[in-house]
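The primary structure of each chain is shown beneath.
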Amino acid sequence: HPCPRPAPPPSPNHPPPSEAVWKQAVDMGAVDLLDALTKTDDMLVQLNAMEIIERICVSRAQVEYIFKSGMAAWLVEIATGTAPGAEQSVGGGDALLGGNALRILSSVCTQGQSR
């Protein structure tokens, strides 16, 4: 098994969005598309949504948004098979996406703590 790779640092050619730019993107609804991607049944789209979540979480504002929007809860549900607030599992984590969801959730939480 290969070791999970950490999220790549922002490249100098593509710096992370400033807090003001991020707030404007959220206010304009530009980030709502990402949330919509988490609600599809298409596994490849969900995998892409996870990768986008991991890449955009570079500041506290982005991490807070991921938690407030429910996207972090979606990652938990995919990783564990248990919906937030549910008393029991709905059958275990997703066999194909669960490991990535857990890795990305860990990465997001680490970013939130380090900022």
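None of these values were measured; they are calculated from a predicted model.

Conventions adopted
- Residues numbered from 1 in each chain as written.
- Predicted model: local features only at pLDDT ≥ 70, side-chain atom pairs only at ≥ 80, totals over all residues.
- Heavy atoms only, no water.
- Buried < 20%, exposed > 50% of the residue type's maximum accessible area, 1.4 Å probe, protein only.
- Helix = DSSP H or I, 4+ residues; strand = E, 2+ residues; numbered from the N terminus.
- Arc of directions from axis to C-beta.
- Phe/Tyr/Trp six-rings, centres within 6.5 Å; stacked < 30°, edge-to-face > 60°.
- Contact = heavy atoms within 4.5 Å.

(A) Representation of helix α4 (residues 60-69). Buried within α4 are the following residues: Gln62, Val63, Tyr65 and Ile66. Projection of α4 onto a plane perpendicular to its axis shows the buried side chains occupying an angular sector of 160 degrees, all on one side. Just past α4, the residue glycine 70 takes up positive phi, approximately 95 degrees.

(B) Structural view of the packing of aromatic side chains. Tallied over the entire structure, the rule returns 1 aromatic pair. Taken together, a centroid distance of 5.7 Å and an interplanar angle of 80 degrees make the contact between tryptophan 22 and tyrosine 65 edge-to-face. Note that tryptophan 22 is positioned in helix α1 (residues 19-27) and tyrosine 65 in helix α4, a separation of 43 residues in sequence. Its relative accessible area of 9% is what places tryptophan 22 among the buried residues.

(C) Expanded view of the environment of methionine 43. Secondary-structure assignment places methionine 43 in helix α3 (residues 43-56). Between the C-alpha atom of methionine 43 and that of leucine 97, which follows or precedes it by 54 residues, the distance is 7.9 Å. Apart from residues lying up to four places away in sequence, methionine 43 is in contact with Asp94, Leu96 and Leu97.

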